[in-house]
Amino acid sequence: MEPATATQAAAPAVPQLKDELDIVIPTIRNLDFLEMWRPFFQPYHLIIVQDGDPSKTIKVPEGFDYELYNRNDINKILGPKASCISFKDSACRCFGYMVSKKKYIFTIDDDCFVAKDPSGKAINALEQHIKNLLSPSTPFFFNTLYDPFRDGADFVRGYPFSLREGVPTAVSHGLWLNIPDYDAPTQLVKPLERNTRYVDAVLSIPKGTLFPMCGMNLAFDRELIGPAMYFGLMGDGQPIGRYDDMWAGWCVKVICDHLGLGVKTGLPYIYHSKASNPFVNLRKEYKGIFWQEEIIPFFQQAVLPKDCTTVQKCYVELSKQVKDKLGKIDPYFDKLADAMVTWIDAWDELNPSGASLPNGKAK
Amino acid sequence: MSLEVKDDEIDIVVAAIHSDLTSFMNEWRPIFSRFHLIIVKDPDLKEELKIPEGFNLDVYKKSDIDRVVGSSTSILFSGYSCRYFGYLVSRKKYIISVDDDCLPARENDGFLVDAVAQHITNLTTPATPFFFNTLYDPYCEGADFVRGYPFSLRSGVKCALSCGLWLNLADHDAPTQALKPGHRNSRYVDAVLTVPARALAPISGINIAFDREVVGPAMLPALRLAGEGKFRWETMEDIWSGMCVKVICDHLGLGVKTGLPYVWRNDRGDAIASLKKEWEGVKLMEEVVPFFQSVRLPRTATTAEDCVVEVANAVKEQLGSTDPVFARAAGAMLDWVKLWKSVGSSASS
């Protein structure tokens, strides 16, 4: 299985939402991968979050419009609140979400290339994410023909008409061909497994159902759910890693369910080229594997009060529950709960006018 | 096909709504011929059934249905509902049922889809209803659980129901098909996934398989539309049955899968004609869905039969006064459990 090469052919004549969407890319190495994405990404503004040594210069390929933040910039902009942004972990990307001024965010890892669909055509992942975000979700009743708003699909017999309008889509979660997103134990047992199955579907994750959200190929409506996309405390000085996107995904899903917003998963695919070292991963994930056994029931049972009508209010309330119920597992969760509040404070400071607009009806 | 399941553990049940089953049986022959088939003739059908040679099958007609079921029941085994008689008299563990206007589908590379093998694979590998796996079925070749999937949930639960899909004429209701008369489903989605716990879905009876030992009593003929007809978009019986099964599976900790296998569904009928005649089913769903979303079964209901009785009582209580069709459905559900206990679960045929 190979990534696509002839990407120019698939670039759209008119890039949708080009002034309303930022592409956030965390990087510690280089941005060579952008060359391959150029026909699809060049019309958009990039926010590069440089992790690791701030004295290193990350070269951005010519022709891209971007802003770049290293650790010094993050410290300068956030001051003491910078403590909530992870260091030496791609979780730092959420700084990019906070500092963006756009309605939509697409985030992608720097080892993700353009994939090919079964006909051999290069997949414009950004275009598919935009389609997903601009069409409604259907979380209240499962449609067996998947996303009814896609071309060539529709609601099946028995789907109540009153639910066919759907709800706004807050998150579009894409998938990966080639190196699958496995945890360390699975990687160790199946080092050669590659995901070669192209599943031509987008679907809404039902209300009340949690999922493992991967940050490799992800898009969201920043105005609808941005403040909940905090990627937690990972990496340097933290007891855990590779749970940043997971944590954000659980918080996001609980809040989306509460506010009546939708989360889609499935297309688009990207080509994931680099398999990380499973032994390094195991050390990072180790505690998480045990802790998630308690974390999952916590999120499954989390209830947000009716007066939490904004994402920020929901998130702060969640942080209180995290401290209350997960604090006893490990002092890390106390720190994390505090960091969640710091994050919201920082978000509201950097995003003043839209700070407390109600985002939907709390259920 | 799973090595552990023997051919004689499977029954294929076909409701004959059409009398001439020749091309249907011949097209399915490569896949069906090794199994025992139960053909149930729609009691309303006047003509003799035409069935080609070379199959191991039992055919049940109106006289058989009357003899076995008697007149003591409110259940009408006519039209699409005649298939439930087949479920009742089967003595096998697994049942696979397809509508008689469906043929084997072909994958994108041209290979014939063995719907029986796929359904059996679905039923004999665990379901994962408590947490969504973004790579869909983790038990299929080349896939697994993704990072972040809790380890304690990776052994899954037993899968009780496998709902397949349809290429060409998809299972849309009459208004939808009437609005888009040329619309045909050509998208082959190469996935099986578990419908999450507490999520409801419209479970179509066109291409379905289930573990009879575990949920047989819950696959029931109950909701009969006043204008029910011989086209799928003039029925709701399978949708109602599917709601019951999902609620019961959620309660008993069993799984329901959806996705592969596909069947090819022939063009048939005129959606606009059906629309003019009837869209009672569409209106009823507005009551049906909130009811099933809110129904709760007591801890004491530990078998499918118990659960059906509980749901039937809840239907009578909460929906009975809304529309007589619901009161009749509740009665039919209770009759079904009685029938199942006397006819359905006895060891000898």
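In this text the structure is predicted, and so the values were computed from the model without any measurement.

Cut-offs and rules
Residues numbered from 1 in each chain as written. Chains lettered and ligands numbered in written order. Predicted model: local features only at pLDDT ≥ 70, side-chain atom pairs only at ≥ 80, totals over all residues. Heavy atoms only, no water. Helix = DSSP H or I, 4+ residues; strand = E, 2+ residues; numbered from the N terminus. Rg over C-alpha atoms; globule rule 2.2 N^0.38 Å. Buried < 20%, exposed > 50% of the residue type's maximum accessible area, 1.4 Å probe, protein only. Contact = heavy atoms within 4.5 Å. Areas by Shrake-Rupley, 256 points an atom, 1.4 Å probe, with all protein chains shown as cover. Lys, Arg positive; Asp, Glu negative; His and termini not counted. Charge placed at Lys NZ, Arg CZ, Asp CG, Glu CD. Phe/Tyr/Trp six-rings, centres within 6.5 Å; stacked < 30°, edge-to-face > 60°. Lys NZ or Arg CZ within 6 Å of the ring centre and 35° of its normal. Core = buried A, V, L, I, M, F, W, Y, C linked by side-chain atoms within 4.5 Å. 1 Å grid on protein atoms, 1.4 Å probe; cavity = no way out; pocket = protein on both sides within 12 Å on 5 of 7 lines; lining within 4 Å. Points joined across faces, edges and corners; volume = space filled by probe spheres on them. Nonpolar A, V, L, I, M, F, W, Y, C, P; charged D, E, K, R; others polar. UniProt positions renumbered as here; feature names shortened; annotations may be inferred. Disulfide = S-S within 2.5 Å. Pairing = 2+ DSSP bridges. Axes fitted to C-alpha atoms, helices over the stretch in contact; angles between N-to-C directions. Parallel < 35°, antiparallel > 145°, perpendicular 65-115°, else oblique. Left-handed = near helix turned anticlockwise from the far one by under 90°. Salt bridge = Lys/Arg side-chain N within 4 Å of Asp/Glu carboxyl O.

**Student:** Just checking my understanding: could you explain the overall build of chain B for this structure?
**Tutor:** Helix and strand counts for chain B stand at 11 helices and 9 strands. A compact globule built from 349 residues should have a C-alpha radius of gyration of about 20 Å, and chain B, at 19 Å, falls within 12% of that. Looking at chain B residue by residue over its 349 residues, the buried ones come to 63%. For chain B, restricting intrachain contacts to residue pairs at least 6 apart in sequence, the fraction spanning at least 24 positions comes to 78%. As displayed, chain B offers around 13,000 Å² of accessible surface, 51% of which is attributable to carbon and sulfur atoms. Counting 38 positive and 46 negative side-chain charges, chain B places the averaged centre of each group 2 Å from the other.

**Student:** Explain the packing of aromatic side chains here, please?
**Tutor:** Two descriptors summarise a pair of aromatic rings, namely the distance from one centre to the other and the angle between the planes of the rings. All names here are of chain B. The final tally for this structure, using the stated rule, is 37 aromatic pairs over all chains. Consider the rings of F77 and W336, whose centres lie 6.4 Å apart with planes at 50°: the pair is tilted. Here F77, found in the loop between α2 (62-69) and α3 (83-89), pairs with W336, found in helix α11 (residues 324-344); they are 259 residues apart in sequence, far enough to count as distant. Taking the relative accessible area as the measure of exposure, F77 reaches 5% and is therefore buried. Three or more aromatic residues link up through ring pairs in this structure, and these residues are Y60, F77, Y84, F85, Y87, F210, W336 and W340. Note that R154 overlies the ring of F151, its terminal NZ or CZ placed 3.8 Å from the centroid. Positioned above the aromatic ring of Y80, the side-chain terminus of R232 is 4.0 Å from the ring centre.

**Student:** What am I meant to see in the nonpolar core here?
**Tutor:** Counting residues in each nonpolar core, the largest one holds 250 residues, and the members touching the most others are W247 of chain A together with W240 of chain B. When residues no more than four places from it in sequence are discounted, the contact partners of W240 of chain B are L220, A222, L223, V288, F292, V315, L319, F326, A329 and M333 of chain B.

**Student:** Just to check I follow, could you spell out empty space enclosed by the protein for this structure?
**Tutor:** To locate leftover empty space, one rolls a probe as large as a water molecule over the atoms. Under the criterion given, the structure shown has 9 cavities of 30 Å³ or more. Taken as a whole, the largest cavity holds about 90 Å³ of empty space. If you trace the largest cavity, you find 13 residues lining it, with L145, Y146 and A153 of chain A together with R187 and V189 of chain B closest to the centre. Of the residues that constitute the lining of the largest cavity, the class distribution is 7 nonpolar, 2 polar and 4 charged.

**Student:** Help me understand the UniProt feature "site: Required for activity" (unreviewed entry) in chain A, please; the structure alone is not making it clear to me.
**Tutor:** Sites flagged by UniProt as "site: Required for activity" (unreviewed entry) map to R157 and R164 of chain A. You can see R157 of chain A is positioned in the loop between α4 (125-134) and β6 (169-178). The exposure class assigned to R157 of chain A is buried, which follows from its relative accessible area of 1%. Ignoring sequence-local partners within four residues, the contact set of R157 of chain A consists of D171, H172, D173, P202, S204, G205, R232, W233, T235, M236, D238 and I239 of chain B. Sequence-distant contacts of R164 of chain A, that is, excluding residues within four places in its chain, are made with F149, F155, V156 and Y159 of chain A together with D173 and T176 of chain B.

**Student:** In this structure, what is going on with the layout of surface pockets? I would like to understand it.
**Tutor:** Approximately 980 Å³ is the volume attributed to the largest pocket. Residue lining of the largest pocket: 40 residues in total, with K207 and G208 of chain A together with A197, R198 and R296 of chain B positioned closest to the centre. Elements with a minimum of two residues in the lining of the largest pocket: α7 (244-259) and α8 (278-301) of chain A together with α7 (237-252) and α9 (280-294) of chain B. Tallying contributions element by element places α9 of chain B first for the lining of the largest pocket, with 6 residues. Grouping the amino acids of the lining of the largest pocket by side-chain chemistry returns 24 nonpolar, 9 polar and 7 charged. Taken as a whole, the second largest pocket holds about 760 Å³ of empty space. What lines the second largest pocket is a set of 32 residues, among which R29, S90, D109, S276 and K284 of chain A lie closest to the centre. Mapped onto the lining of the second largest pocket, the elements with two or more residues apiece are β1 (21-27), α7 and α8 of chain A. The dominant element in the lining of the second largest pocket, judged by the number of residues it contributes, is α8 of chain A, at 3 residues.

**Student:** Would you explain the state of the cysteines in this entry?
**Tutor:** A covalent bond between the sulfur atoms of two cysteines is referred to as a disulfide. Residues and elements named next belong to chain A. Within the structure shown, the criterion is met by 0 disulfides over all chains. You can see C256 has no disulfide; the closest cysteine sulfur is in C314, sitting 9.6 Å from it. Not engaged in a disulfide, the cysteine C314 finds its nearest cysteine sulfur in C308; these two sulfurs lie 4.9 Å apart. Overall, the relative accessible area of 0% leaves C314 in the buried class.

**Student:** Whenever I open this one, the UniProt feature "glycosylation site" (unreviewed entry) in chain B confuses me. Can you help?
**Tutor:** As recorded in UniProt, the feature "glycosylation site" (unreviewed entry) lies at R147 of chain B. By the secondary structure assignment, R147 of chain B is in the loop between α4 (115-124) and β6 (159-168). What makes R147 of chain B buried here is its relative accessible area of 6%. Residues in contact with R147 of chain B, not counting those within four places in the same chain, are D181, Y182, D183, P212, C214, R242, D245, M246 and E285 of chain A.

**Student:** I would appreciate a short explanation of the pairing of strand β4 (residues 94-98) of chain B in the present structure.
**Tutor:** Each regular strand carries side chains that alternate between the two faces of the sheet. Residues and elements named next belong to chain B. With 5 of 5 residues buried, β4 lies mostly within the body of the structure. Burial of the side chains of β4 extends over both faces: Y94, I96 and V98 are buried on one face and I95 and S97 on the other. Across 4 bridges, the pairing between strand β1 (residues 10-16) and β4 is parallel. The residue of β4 that forms the bridge with V13 is S97.

**Student:** Quick question: what am I supposed to make of the packing of α7 of chain B against helix α10 (residues 304-319) of chain B here?
**Tutor:** The axes of two packed helices give the description: the angle between them and the distance between them. Residue and element names in this part refer to chain B. α10 packs onto α7 with a crossing angle of 120° between their chain directions and a minimal axis gap of 10 Å. One way to sum up the angle between α7 and α10 is to call them oblique. The two elements α7 and α10 meet at a crossing, and its hand is right-handed. The segment α7 lies against α10, with W240, C244, I248, H251 and L252 engaging A304, C307, V308, V311, V315 and L319.

**Student:** When you look at the pattern of salt bridges in this model, what are you seeing that I'm missing?
**Tutor:** Oppositely charged side chains are able to pair whenever their charged atoms sit close together. The final tally for this structure, using the stated rule, is 42 salt bridges over all chains. K323 of chain A is the partner of D338 of chain A in a salt bridge, and the nearest nitrogen-oxygen pair spans 2.8 Å. Here D338 of chain A is found in helix α10 (residues 331-350), whereas its partner K323 of chain A is found in helix α9 (residues 311-326), with 15 residues between them in sequence. Its relative accessible area of 41% is what places D338 of chain A among the partly exposed residues. For K323 of chain A, a relative accessible area of 37% translates into the label partly exposed. In this structure, K246 of chain B and D250 of chain B form a salt bridge, with 2.9 Å as the shortest nitrogen-oxygen distance. Separated by 4 residues within a single helix, K246 of chain B and D250 of chain B lie in helix α7, roughly one turn from each other. Counted as one network, the salt bridges with shared partners bring together R157 of chain A together with R83, D99, D171, R232, E237 and D238 of chain B.

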